[in-house]
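Working through the structure, step by step
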Amino acid sequence: MKKYIYIPIEIFFPKHDKFLNHIVSRYNIILSSRNHIFKFPENSNITYINDLVKSELSHDDQINFQREVEIFYQFIYQTSNDIIGKKTSKNSIDKIKPELNKKISRAFLITQSFKKLINIENISLVLTSAEYSGISRPILIEAQNAQIPVVNIEHGFFSALDYASIYKNNDPIFNNHISDYCIVENNLASTILQENLSRSNQNSFTQFIALGSPINTSKITNSFSVLDAKQKLKINPDTVTIGLFGSWCEPKKLHWTLQKQLDEARFYKKIFKYIKSIGEEIILQPIVKFHPAFKVFGEIGVVNYLMDLAKEIGIKTPVFLFDQYQEAICASDFVLTSGNGSTNWEAIVNGKPSAIAMNKIKSHYIDNSKLNSENELVKNGLLTYIINSTDFHNFINKFQSSKKKQDLRIHFKQLCKRWDIRDESVDVISNRICNWIDEKFPGLSVNYQERNGLVEHVINEGKENMSIPSVNIVIVTYNSASTISNCLLTSINFSTHNTTVTVVDNASRDNTLEILEEFSDKISIIRNKENLGFSAACNQGIKSTDSDYVVLLNPDTIVTENWLDKLLDKFDEGVGAVGPTSDYTGGLQ
């Protein structure tokens, strides 16, 4: 029976595009919906759950989610006035009801469909992201009930997290992960998460695996300059900016969402007052970057409230953003967040002074004597905790110095060396994750399943004496870093015969060899000390093998399903060489 990986595609992010293309080319996939933003090749191994099972909300399900919605509405009416001093109108509540109902019913439907799916198909693995989201979490629970392993591909960066050791008592909130395996960005992040899990009261056995974050990991400041970012946001280039980045909590109960938003309002109010207290010496332009999920709950009301607040306190009118995350990071001279998270790490990677504003509730549970001594980033001068206005003033004044900002980059390089943190391409990281899946869950790849299926077919037909032809694919590379990864991925995954791959590298000067090493368990590599030329390198590859057939493949080629079968089928007695033809010479081939 064919083995599938199930993916709840709604909770993957645009930055996962390259990674997901690696996955769908290598494994048989069932996606939760056709309604997604990704573009997959036509020959991808994708099935959609709606083609396999039909689902609709039962009467009991409808009652349950309506009950949760009502709890949420009541919470708004009862607490908003107490926390932010402004009564939320009934009209504004009514505006969000349709969207909220839609989201909750969608979560119920996806979970119900998944429960039906596992009864009719061999789901061998669930691959998810943001496992604590309202869509992911129910599926994780159902998968674990059915003893299906779950791998969570994290979309965030955890190297700036709190350490559990700074808290006075263990707290189950230290860990939001319940998946079997969680793929994170580096060794520092996995160490923090594993330590926090060990101190948590939560009964979870997640393994945090430092394989890299398969999203766009390149530095934001490499994409465009600070000047470009400020101009794009219509900010005077000479203005000193401070990015205020809100956080988000995925609700285990719906009303927790609003509670977090109200906490965020208090965060902005406090920082606005800190900005005002600096006086005329430094005029700071606030850039307020909300979490995108804020949009669900009426962003206009939030913006109006903060605009009135900024005017009342007497600071510059903030620039409000719900998207444009990269521009917000790049345009900020200082970065301040309402909690530990990805933004702090991305600010550090991009050489920005980064700080966390500690709220009063959280500081009550923290041992302040450990706050700066146990956090790796704080110890290295890369991260600052702000508890009061004095801390804020010191933070701003310290990094007015260009030397201090240069020190940030030096300290970051030292941190990377200590924790073996590398700046790698998405293709390299994605391939590493796929190799890990192959090793951890053998037999999942399309290539493996098709090979086994071919062997069974030959035996069942009574043709035990038939041998599968051996094929060696020879690829010559020279500075081929931009194309070789996709070439190898498709060559390996879409070659169903007894196939080996030999790559002859002609002394590449880019990172071609580094990429080849990621495939070292699947290919043979010949490393030339000098560029011998294409023909000589091809001969090297041919002489290195005793296979029945040899394929000479350019490193910028992307092959498709059954490509090798179609070439081998043309070999008859007297035919010595076969090549493909194309009507698109010079273009798509």
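Please refer to the structure higher up on the page.
For clarity, every value in this text was computed on a predicted model and none was experimentally measured. (Residues numbered from 1 in each chain as written. Predicted model: local features only at pLDDT ≥ 70, side-chain atom pairs only at ≥ 80, totals over all residues. Heavy atoms only, no water.)

1. Topic: the overall build of the protein chain
The number of helices and strands found in the protein chain is 21 helices and 17 strands. For the protein chain, the residues scored as buried account for 51% of the 589 residues in total. Across the protein chain, every contact between residues at least 6 apart in sequence was considered, and the portion connecting residues at least 24 apart equals 75%. Accessible surface, the protein chain as shown: approximately 28,700 Å² in total, 49% of it carbon and sulfur. (Helix = DSSP H or I, 4+ residues; strand = E, 2+ residues; numbered from the N terminus. Buried < 20%, exposed > 50% of the residue type's maximum accessible area, 1.4 Å probe, protein only. Contact = heavy atoms within 4.5 Å. Areas by Shrake-Rupley, 256 points an atom, 1.4 Å probe, with all protein chains shown as cover.)

2. So, the nonpolar core
In this structure, L244, F272, L306 and F392 are the most contacted members of the largest nonpolar core, which totals 66 residues. Not counting chain neighbours up to four residues away, the residues in contact with L306 comprise Y268, F272, V288, F290 and F320. Among the nonpolar cores identified, the runner-up in size contains 48 residues, and I5, I30, V150 and Y181 belong to it. (Core = buried A, V, L, I, M, F, W, Y, C linked by side-chain atoms within 4.5 Å.)

3. Some remarks on the sheet that holds strand 17 (residues 549–553)
Within the open sheet, the four strands sit side by side as 16-15-14-17. Their pairing is parallel. A single partner strand is all that each edge strand has here, and the edge strands are strand 16 (524–527) and strand 17. For this sheet the average axis-to-axis angle between neighbouring strands, irrespective of direction, equals 20 degrees. Across eight bridges, the pairing between strand 14 (residues 470–477) and strand 15 (residues 498–505) is parallel. Bridge pairing links N472 to T500 in strand 15. Running at roughly 175 degrees to strand 14, helix 18 (residues 484–493) makes contact with strand 14, strand 15 and strand 17 of the sheet. Helix 20 (residues 534–543) rests against strand 14, strand 15, strand 16 and strand 17 of the sheet, and its axis sits at about 150 degrees to strand 14. (Pairing = 2+ DSSP bridges. Axes fitted to C-alpha atoms, helices over the stretch in contact; angles between N-to-C directions.)

4. Examining the pattern of salt bridges
Counted by the stated rule, this structure contains 14 salt bridges. Two residues, R432 and E518, come together in a salt bridge whose shortest N-O distance is 3.2 Å. Of this pair, R432 sits in helix 16 (residues 426–440) while E518 is found in helix 19 (residues 512–518), placing the two residues 86 residues apart along the sequence. The class of R432 is buried, set by a relative accessible area of 18%. A residue is classified by how much of its surface remains accessible, and E518, at 15% relative accessible area, is buried. Across the salt bridge formed by K522 and D438, the nearest N and O atoms sit 3.6 Å from each other. A residue pair is termed long-range when its members are at least 10 positions apart, and K522 in the loop between helix 19 and strand 16 and D438 in helix 16 qualify at 84 residues. Judged by relative accessible area, which is 31%, K522 ranks as partly exposed. Taking relative accessible area as the criterion, D438 reaches 18% and is therefore assigned buried. Put simply, D420, R422, E424, R432 and E518 are held in one network by salt bridges that share partners. (Salt bridge = Lys/Arg side-chain N within 4 Å of Asp/Glu carboxyl O.)

5. Let's talk about unusual backbone geometry
Here Q147, not a glycine, exhibits a phi torsion of approximately 60 degrees, which is positive. Its relative accessible area of 74% is what places Q147 among the exposed residues. Residue Q324 is not a glycine yet carries a positive backbone phi of 55 degrees. Structurally, Q324 is set in the loop between strand 10 (319–321) and helix 9 (325–331). Relative accessible area serves as the criterion here: at 33%, Q324 is assigned to the partly exposed category.

6. Re the packing of aromatic side chains
If you walk through the whole model with that rule in mind, you get 14 aromatic pairs. Judged by centre distance (4.7 Å) and plane angle (20 degrees), the rings of F290 and F322 are stacked. Here F290, found in the loop between strand 9 (284–289) and helix 8 (299–313), pairs with F322, found in the loop between strand 10 and helix 9; they are 32 residues apart in sequence, far enough to count as distant. Take F290 and F322: they sit in the same class, and that class is buried. (Phe/Tyr/Trp six-rings, centres within 6.5 Å; stacked < 30°, edge-to-face > 60°.)

7. Thoughts on the sheet that holds strand 12 (residues 354–357)
Pairing is parallel in the open sheet, where six strands are placed in the order 10-9-8-11-12-13. Since the sheet does not close on itself, it has two edges, and those belong to strand 10 and strand 13 (383–386), each with one partner. On average, each strand axis in the sheet is inclined to that of its neighbour by 25 degrees, with strand direction left out of account. The pairing of strand 8 (residues 240–245) with strand 11 (residues 334–337) spans four bridges and is parallel. Paired with F245 across the bridge in strand 11 is T337. Those strands touched by helix 10 (residues 342–349) are strand 8, strand 11, strand 12 and strand 13, and its axis lies near 160 degrees from that of strand 12. Most of the contacts of helix 14 (residues 389–398) go to strand 13, to which it runs at about 150 degrees, and overall it touches strand 8, strand 9, strand 11, strand 12 and strand 13.

8. Some details on the environment of L31
Along the chain, L31 falls in strand 2 (residues 29–31). The class of L31 is buried, set by a relative accessible area of 1%. Residues L31 and N50 lie 19 residues apart in sequence; the distance between their C-alpha atoms is 8.9 Å. When near neighbours in sequence (up to four residues on either side) are disregarded, L31 contacts Y6, I7, I9, H36, F40, I46, T47, Y48 and I49.

By themselves, these figures tell us nothing about what the structure is for.
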